[in-house]
Amino acid sequence: MLYAIIGQDYPDSLGKRIAARPAHLARLQTLQDEGRLLLAGPFPAVDAVDPGAAGFTGSLIVAEFASLQAAREWADADSYVAAGVYQQTTVQPFKKVFPA
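Throughout what follows, the structure given in this document is the object of discussion. Fair warning: this is a prediction, and the values are worked out from it, not measured in the lab.

**Let's talk about the overall build of the chain**
Piece 1. Of regular secondary structure, the chain possesses three helices and four strands.
Piece 2. Along the chain, from the amino end to the carboxyl end, the secondary structure elements read β-α-β-β-α-α-β.
Piece 3. Its C-alpha radius of gyration of 13 Å places the chain within 12% of the 13 Å reference for a compact globule of 100 residues.
Piece 4. Taking the principal axes of its C-alpha atoms as reference, the chain extends roughly 35 × 30 × 25 Å.

**Here's the deal with helix α2 (residues 68–76)**
Piece 1. Of all the residues in α2, the buried ones are Ala71, Trp74 and Ala75. Angularly, the buried residues of α2 cover 100° about the axis, an arc narrow enough to put them on a single face.
Piece 2. Each element contacted by the buried residues of α2 is listed here: β1 (2–9), α1 (14–33), β3 (56–64), α3 (79–82) and β4 (86–94).

**Some thoughts on the packing of aromatic side chains**
Piece 1. A complete count under the given rule lists three aromatic pairs for this structure.
Piece 2. An angle of 55° between the planes, with centres 5.8 Å apart, marks the rings of Phe65 and Trp74 as tilted.
Piece 3. An angle of 90° between the planes, with centres 5.4 Å apart, marks the rings of Tyr80 and Tyr86 as edge-to-face. Grouping residues by exposure puts Tyr80 and Tyr86 together as buried.
Piece 4. If you follow Arg27 out to its NZ or CZ, it ends over the ring of Trp74, 4.0 Å from the centre.

The rules behind each value
- Residues numbered from 1 in each chain as written.
- Predicted model: local features only at pLDDT ≥ 70, side-chain atom pairs only at ≥ 80, totals over all residues.
- Heavy atoms only, no water.
- Helix = DSSP H or I, 4+ residues; strand = E, 2+ residues; numbered from the N terminus.
- Rg over C-alpha atoms; globule rule 2.2 N^0.38 Å.
- Buried < 20%, exposed > 50% of the residue type's maximum accessible area, 1.4 Å probe, protein only.
- Arc of directions from axis to C-beta.
- Contact = heavy atoms within 4.5 Å.
- Phe/Tyr/Trp six-rings, centres within 6.5 Å; stacked < 30°, edge-to-face > 60°.
- Lys NZ or Arg CZ within 6 Å of the ring centre and 35° of its normal.

This is how it looks when you write it as structure tokens:
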């Protein structure tokens, strides 16, 4: 089943995000290589593709996991959690409707 993982950043966490990004991307690459990643990306803090120093307010990951518990465990082990980028992480089931 698909699960949406929504991470909300601490204010002013851009430096921590940049430092932890390689490990974060490596975990996402593993999901992609396994064919389990539907989409992933950050929420810019301003209305721009590259928010510069404004940074990001969080991220969205939609991926397939065996269970809600497995998705939570994966999210809790993320480098952004360990580095203090995410102040809160929400994990919930997701049903893809479109595109079909």
